[in-house]
Amino acid sequence: MATSMTAPRPNTRLYDFYREMRRVRTFEERVGELFVRGQSAGSMLHLSIGEESAAVGVGAAMQAGDTFTTHHRGHGIFLARGAEPDRMMAEIAGKESGYCGGKGGSMHIADMSLGHLGANAIVGGGIPAVVGAGLSARNLGTGTVSVAFFGDGATGQGILYESLNMAALWQLPCLFVCINNQYGMGTRIDRATANPNLHERAAAFGLSARTVDGLSVEDVADAAEEMIADARAGRPGFLAIDCYRFFGHARKDKSPYRADGEEAAGRQKDPVSAARTKLIVSGLASVEALDALDKEIDAEMDGAIDFAVAGTEPPMAAMFRDVYAPGEPEPEPVSARLSRVLARD
Amino acid sequence: MATIETTYRDALRLALTEAMREDDSVILIGEEVGVYGGAYGVTKAMIEEFGAHRVIDTPISEPAIVGAAVGAAMTGLRPVAELMYVDFVGMTMDQLANQAAKIRYMFGGQIGVPMVLRTQGGTGRSAGAQHSQSLEGYVMHTPGLRLAMPATVADAYHLLRQAMRQPDPVVFIEHKGLYTMKGEVDPDAPPAEWGRAAVLREGADLVIVSYSRQVHYALAAAERLASEGVEAAVVDLRTLNPLDFDTIRPMVEAAGRAMVVSEGVMTSGVAAELAARITEECFDFLEDPVLRVAGEDIPISVSPLLETNSVPTPDLIVDTVRKIGLGAAA
Ligand SMILES: Cc1ncc(C[n+]2csc(CCOP(=O)(O)OP(=O)(O)O)c2C)c(N)n1
Ligand SMILES: [Mg+2]
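How each quantity is defined
- Residue positions within a chain follow its written sequence, with the count starting from 1.
- To label them, take the chains in the order written and letter them from A, then take the ligands in the order written and number them from 1.
- Totals for whole chains, interfaces and linings use all residues, but because this is a predicted model, local features are given only for residues with pLDDT of at least 70 and pairs of side-chain atoms are given and counted only at 80 or more.
- For side-chain calculations, the full set of non-hydrogen atoms in the structure is used, while hydrogens and water are omitted.
- By convention, a stacked pair of Phe, Tyr or Trp rings (six-membered ring in the case of Trp) has centres within 6.5 Å and planes under 30 degrees apart, an edge-to-face pair has planes over 60 apart, and any other such pair is tilted.
- The way it works is that DSSP assigns letters per residue, a run of H or I at least four long becomes a helix, a run of E at least two long becomes a strand, and they are numbered from the N terminus.
- Exposure categories follow from relative accessible area, calculated using a 1.4 Å probe and restricted to protein chains: below 20% of the type maximum is buried, above 50% is exposed, and the middle band is partly exposed.
- Here, nonpolar core means buried Ala, Val, Leu, Ile, Met, Phe, Trp, Tyr and Cys residues that are tied together by side-chain atoms lying within 4.5 Å of each other.
- Here, a disulfide means two cysteine sulfur atoms that sit within 2.5 Å of each other.
- DSSP bridges decide pairing: two strands pair if at least two such bridges lie between them.
- Only the stretch in contact is used when fitting a helix axis, every axis being a line fitted to C-alpha atoms; angles between N-to-C directions are given from 0 to 180 degrees.
- Every residue pair with non-hydrogen atoms within 4.5 Å of one another is taken to be in contact.
- The rule for a residue being near a molecule or strand is that one of its heavy atoms must lie within 4 Å of it.
- What qualifies as a polar contact is a pair of N or O atoms within 3.5 Å, subject to a donor-acceptor requirement within protein and to the restriction that residues adjacent in sequence count only when both atoms come from side chains.
- Where accessible areas are quoted, they stem from the Shrake-Rupley method and a 1.4 Å probe; at the residue level, only the protein chains shown are allowed to cover.
- In this classification, the charged set is Asp, Glu, Lys and Arg, the nonpolar set is Ala, Val, Leu, Ile, Met, Phe, Trp, Tyr, Cys and Pro, and all remaining amino acids, among them Gly, are polar.
- Throughout, buried area stands for the accessible area (probe radius 1.4 Å) lost by two parts on being put together, summed over both.
- We count a salt bridge whenever a side-chain nitrogen from Lys or Arg sits within 4 Å of a carboxyl oxygen from Asp or Glu.

Trainee: How do you make sense of the packing of aromatic side chains when you look at a structure like this?
Mentor: The tally for this structure, following the rule as stated, stands at 10 aromatic pairs over all chains. With a centroid separation of 4.9 Å and 55° between ring planes, the pair formed by A:F78 and A:Y99 is classed as tilted. Taken together, the residues span a long stretch of sequence, with A:F78 in helix α4 (residues 75-80) and A:Y99 in the loop between α5 (85-92) and β2 (116-119) at a distance of 21 residues. Both residues of the pair, A:F78 and A:Y99, count as buried. Arranged with centres 5.8 Å apart and planes meeting at 70°, the rings of B:Y40 and B:Y85 form a pair that is edge-to-face.

Trainee: What is the right way to look at the nonpolar core in this model?
Mentor: Most often, soluble globular proteins have nonpolar side chains that are buried together. Counting residues in hydrophobic clusters, the biggest one holds 189 residues, and the most contacted among them are A:V58, A:F176 and B:I278. Of all hydrophobic cores here, the second largest spans 17 residues; its members include B:A218, B:A221, B:V293 and B:V318.

Trainee: What's the story with the state of the cysteines in this structure? I'm lost.
Mentor: A covalent bond bridging the sulfur atoms of two cysteines is what the word disulfide describes. Residue and element names in this part refer to chain A. For the structure on display, the rule yields zero disulfides over all chains. The structure places no disulfide on C178, whose sulfur is separated from the nearest cysteine sulfur, that of C243, by 8.9 Å. With relative accessibility at 0%, the residue C178 sits in the buried group.

Trainee: Could you clarify how one ought to interpret the sheet that holds strand β6 (residues 146-148) of chain B in this entry?
Mentor: Whether parallel or antiparallel, the strands of a sheet pair through hydrogen bonds between backbone atoms. All names here are of chain B. An order of β3-β2-β4-β5-β7-β6-β12 is seen for the seven strands of this open sheet, with the pairing classed as mixed. The open sheet is flanked by β3 (55-57) and β12 (239-241), the only strands paired with a single partner. The mean inter-strand angle of the sheet, taken between neighbouring strand axes irrespective of direction, is 20°. Pairing analysis gives five bridges linking strand β2 (residues 26-30) to strand β4 (residues 78-83), with the strands arranged parallel. Considered in β4, the bridge of I29 is made with A81. Lying on the sheet, helix α7 (residues 153-163) is in contact with β4, β5 (116-121), β6, β7 (170-175) and β12; it crosses β7 at an angle near 165°.

Trainee: Help me understand the site of ligand 1 in this model?
Mentor: Residues and elements named next belong to chain A. Residues in close proximity to ligand 1 total 16 residues, the closest being H72, R73, G153, N181 and Y183. With respect to ligand 1, the backbone of V123 contributes an N or O atom lying 3.1 Å from a nitrogen atom. The separation between an oxygen atom of ligand 1 and a polar main-chain atom of Y183 is 2.7 Å. For ligand 1, the protein covers 74% of the area, taking 580 Å² as the surface of the free molecule. Here the residues of the shell around ligand 1 sort into six nonpolar, eight polar and two charged.

Trainee: For this particular structure, what's the right way to read the sheet that holds strand β10 (residues 206-210) of chain B?
Mentor: All names here are of chain B. Reading across the sheet, the five strands line up as β9-β11-β10-β13-β14 and stay open at both edges, with mixed pairing between neighbours. With partners counted over all chains shown, the strands left at the sheet margins are β9 (198-201) and β14 (291-295), one partner each. Within the sheet, the average angular offset between the axes of one strand and its neighbour, ignoring direction, is 25°.

Trainee: Is there a simple way to think about the interface of chain B and chain A in this case?
Mentor: Interfaces are frequently sized by the accessible area removed from exposure as the parts join. Between chain B and chain A, the contact holds 47 residues from the first and 46 residues from the second. Between chain B and chain A, roughly 3600 Å² of surface is buried when both sides are summed, and carbon and sulfur atoms account for 59% of that area. Of all residues in chain B, B:Y105, B:M106 and B:Q110 give up the largest surface area on contact with chain A, accounting jointly for 17% of the area buried on that side. Inspection of the chain B/chain A interface yields three salt bridges. Here chain B is connected to chain A by 20 residue pairs in polar contact (both at pLDDT 80 or more). When residues of the side of chain B that touches chain A are traced back to their parent elements, those giving at least two are β2, β3, α3 (62-74), α4 (89-100), α5 (103-106) and α10 (270-282) of chain B. When residues of the side of chain B that touches chain A are assigned to their parent elements, the largest contribution, nine residues, is made by α3(B). Residues that form the side of chain B that touches chain A fall into these classes: 20 nonpolar, 16 polar and 11 charged.

Trainee: Please clarify how α5(A) should be interpreted in this entry.
Mentor: Since the α-helix turns once every 3.6 residues, residues separated by three or four places project in the same direction. By the criterion of burial, α5(A) is predominantly enclosed, with six of the eight residues buried. Contact partners of the buried residues in α5(A): α2 (13-36), α4 and α12 (287-310) of chain A.

Trainee: Help me understand the side chain of A:D66 in this model?
Mentor: Residue and element names in this part refer to chain A. Topologically, D66 is positioned in the loop between α3 (52-61) and β1 (67-70). Assessed through its relative accessible area of 1%, D66 is described here as buried. A polar side-chain atom of D66 sits 2.7 Å from the main-chain amide nitrogen of Q63. A polar side-chain atom of D66 sits 3.0 Å from the main-chain amide nitrogen of V145.

If you want it as structure tokens, here you go:
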């Protein structure tokens, strides 16, 4: 692209973080656009705007072969782990060219080749799988770490504590990452728990546990690097990342339950603009260079929308496929069964 | 190995042990499976041979046991998780029905969840309302889950070996009343095909379709009916998913009468499904309604008298056949 040639590309960690966070944000903005254009499959779209440092900071600290599960607000995490925006957007639009052939969607996206064991639409539902992945890593000697990403809302689910206990008990290579955006739908964290210091719970199970401020992607990455190295050595951890959910819970939610002014204040905690400002102020990147980068990313994500919109829906024949393994008989469609039993000769 | 005489329990242990010797990726995970040897002794002493990394004692955390098995199955292990009682399956239902059962489909066929969830159910030990249920209907109601329920010693071995080779999650429900049952198994003999029902008795007048312990009750009833001049066939389904309707259909069409016998409660249960299907598929051949002899729609009592009569008995099966005009009262 022409613009990218005009300014030298800074070769720093923070610049890379900024680029990845900007990609996440722009992707999410395009997801919103896809919805407004009526091109998304449904409205169960949960944007991770405001949470980019969690995805990028932790994602950067993971290695090839590491596995992870995410919650329903996991687009950013998958992107940070190398997902192609085209195939992600297509999946969100329910198209055959998506990661799961259009059958999973935003909340069930997965890709085994990138270690993504699956997003989950059940709050807490993906957490115990990392314990199992940790057992695999231990028994098979793969040296991999498995990371569970989930929201603050999942701290209300018993499965979290069962999983924390097992990981600590068996010293598995697991990291539990709680993205605390202060809300579970319309319920602010202080209306959901008497002790919002979420990491203390994990500490009680014997995990190394801490909270970082998500405003600084570098802080998140530093913490994640240390904790993932620890996890790889059999010391599982719990990392809470404080941030703010910039928009409603899902696309149709306008957050009427938030006080006037709360959102404006909350959006001050913006890891993307914080990184941008730091790059500029510290002289690591010029405004022009960053503008050029942003444009490049805009084009990349516009392309993702085009790719998704151009895609076709999965064929009807796919409907009965993959309930069971290839080679197993597919379930008999209702209409076929009825035609068969009603056939009179 | 030639044919051996053993128990249902020991046949299960043999299946697990042989699979673990053959394949290092097989692990057992569950409450009391290791040091204690399994609540019903199925995994007794296995931890001594295979160690604590492969026979994994867990905290009392059923959802995470199943959830960890899901994650392990997706990342290269072959987990056999144990749920001490099927009565606890409700706690695990998210991991079982929303995760294990749907992962292959939701993810567009990228990966399956090759795990087995062993558990046991049924009446017979005065274990009360929360430890005596037959909840196979919960499982059968969930596309994506295979369901095996062995009735015989041979199937305790062979069905479990086969379950552990399936590419999809299998719920394997043993019957607590069968663990001490003796029988023969030849571990080297080619097993009956996975998903095929077994015709344990031929009979021209009536087809009794059953599974798990009720197969033995059906056989006992058929024996008595024979002395009254009624020839009842008995089919052991062995697996409820896959369901072998191809074996049932011609038999029912020939006999013109069918009865389903199940320990699970009658309403919306396995018996209801089987009866509906037989009715739909064999309607033109039926001379009587398809009969459901199933568990009463009540909780199980601890009183042995009430417990015994809460589920089908050989007497109930015989009486029901007489009611349609066959046998002694005819
Ligand atoms: C078990 C379960 N209960 C309820 C819901 C409905 N639900 C979906 S998202 C959500 C809030 C989750 O909050 P949090 O975990 O903090 O994630 P966030 O949406 O803030 O990213 C709720 C209640 C669900 N999907 N699963
Ligand atoms: Mg939240």
